[in-house]
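Breakdown of the fold
What follows is each chain in one-letter form.
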Amino acid sequence: MSALPSRLDHYGDAALVAANAANPLKLAMFESSVAERPRAGAVGLPKPAPGFRRLNNTAELQEELQEASRRFETATPEEIIAWGVERYAPYLTMATAFGPEGCVILSMLAKVAPETYVFNLDTGYQFQETLDLRDSIADKYGIEVDLLAPELPVNEYEAVHGGPLYRTNPNQCCFDRKIKTLQRASEVMHAWMSGIRRDQSADRAQAAVVGWDKKFGLVKISPLANWTKKDVWKRITDEGIPYNPLHDQGYPSVGCWPCTRAVAAGETDERAGRWSGMKKTECGLHSISEQDGSGI
Ligand code: SF4
């Protein structure tokens, strides 16, 4: 049974706009209430110091990353994170969708470098459970994950496209609401961390522990690349790390609610519930290859 989205200040807005479209007075009132509503948790990107320059993927950097990646094949995630902090802070960031892996890395960051700027790609289509988890993480670790929003709120985005794009063109929707937001963040950063594991999918199996992310022009650090799902859940259980309650309701992987379903008993692919029924398997953030544009 699929959990219903309860964050009506996103999707509900779009539905109400459509329902009220025939009544300009009501619509105008509604739009102003949207504009005035504060967005709890939204801080905005940090400003880099004067003279900040983005990294170039030079031969020297490539060599350094390859050497580090080889060395870190047997390192602990904490050692990898500590290296990332030492090498790239304050221009090291982390993007999290509050999956189990992200929560584990947040618990590690709390010990190593709690001041790290961490953000969530707040597409406007996240489950309420996911957004609530942001608060649990803040309470437990003191890390306030920033909610980084796309250019247009959901109601305006859907109005521009004549309805929800996730139904007709999810690649474009992910590009506009996730990739572009990360691109914005990448302009003030040198490196980003992600919680991907190699055993999650064929595409992710190729991930380096440390490497150059061509798509975003950043060094990409994946401290959990060599961990298994079991490793992640053992750490969560051992340390009482907060996690998304949807994982206990048949959702091994949680993304935006329109593109996520619970998996059936016997479905072994932990990402089977993401973009179910479509050719799409990734939002494009972690794609190594982009055949047919399906990487976005
Ligand atoms: Fe849009 Fe679905 Fe991608 Fe979220 S996961 S950005 S709703 S297509």
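Refer to the structure above for everything that follows.
Residues numbered from 1 in each chain as written. Predicted model: local features only at pLDDT ≥ 70, side-chain atom pairs only at ≥ 80, totals over all residues. Heavy atoms only, no water.

1. Overview of the pairing of strand E5 (residues 210–213)
Relative to strand E6 (residues 218–221), E5 runs antiparallel, the two being bridged by four bridges. Among the inter-strand pairings, Val 210 is bridged to a residue of E6, identified as Ile 221. With antiparallel pairing between neighbouring strands as the criterion, E5 and E6 make up a hairpin whose turn holds four residues, including Gly 217 at a positive phi of roughly 65°. (Pairing = 2+ DSSP bridges. Helix = DSSP H or I, 4+ residues; strand = E, 2+ residues; numbered from the N terminus.)

2. Considering the sheet that holds strand E2 (residues 117–121)
Strands sit in the order E3-E2-E1-E4-E6-E5 across an open sheet of six strands; the sheet is mixed. Of all strands in the sheet, those bounded by a partner on one side alone are strand E3 (146–148) and E5. Recorded for the sheet is a direction-independent mean angle of 35° between the axes of neighbouring strands. Of the strand pairs in this sheet, E2 and E3 are connected by three bridges, and their pairing is parallel. When the bridges of E3 are listed, Phe 119 appears paired with Asp 146. Along the sheet, helix H3 (residues 59–71) contacts E5 and E6; its crossing angle with E5, the most-contacted strand, is approximately 145°. (Axes fitted to C-alpha atoms, helices over the stretch in contact; angles between N-to-C directions. Contact = heavy atoms within 4.5 Å.)

3. Considerations on the packing of aromatic side chains
Tallied over the full model, the rule gives nine aromatic pairs. Ring geometry for Tyr 125 and Tyr 166: centres 5.1 Å apart, planes at 85°, overall edge-to-face. Here Tyr 166 lies in helix H8 (residues 165–168) and Tyr 125 lies in the loop between E2 and helix H6 (128–141), a separation of 41 residues in the sequence. Each member of the pair, Tyr 125 as well as Tyr 166, is classed as buried. Geometrically, the ring pair formed by Trp 233 and Tyr 243 is edge-to-face, given 5.0 Å between the ring centres and 85° between the ring planes. Here Trp 233, found in helix H10 (residues 229–239), pairs with Tyr 243, found in the segment after H10; they are ten residues apart in sequence, far enough to count as distant. Through pairs of rings, three or more aromatic residues link up here, namely Phe 72, Trp 83 and Tyr 88. The lysine or arginine in question, Arg 71, covers the ring of Phe 72, its NZ or CZ lying 4.9 Å from the ring centre. (Phe/Tyr/Trp six-rings, centres within 6.5 Å; stacked < 30°, edge-to-face > 60°. Buried < 20%, exposed > 50% of the residue type's maximum accessible area, 1.4 Å probe, protein only. Lys NZ or Arg CZ within 6 Å of the ring centre and 35° of its normal.)

4. Description of the side chain of Thr 123
For Thr 123, the position within the fold is in the loop between E2 and H6. Among the polar contacts listed, one links the side chain of Thr 123 to the backbone nitrogen of Tyr 125, at a separation of 3.0 Å. Once you skip the residues sitting within four places of it in the chain, Thr 123 turns out to touch Pro 150, Val 154, Arg 177, Lys 178 and Cys 256. (Polar contact = N/O pair within 3.5 Å; in protein donor to acceptor, adjacent residues only side chain to side chain.)

5. Some words on the nonpolar core
Within the largest apolar cluster, 37 residues are counted, with the highest numbers of intra-cluster contacts made by Trp 83, Tyr 88, Val 104, Leu 106, Leu 109, Val 219 and Ile 221. With six residues, helix H5 (residues 100–112) is the largest single contributor of residues to this core. The contacts of Leu 109, once residues within four sequence positions are left out, are Ile 81, Met 94, Pro 114, Thr 116, Val 118, Ile 143 and Met 193. Within the second largest apolar cluster, 14 residues are counted, among which are Val 154, Leu 246, Cys 256 and Trp 257. (Core = buried A, V, L, I, M, F, W, Y, C linked by side-chain atoms within 4.5 Å.)

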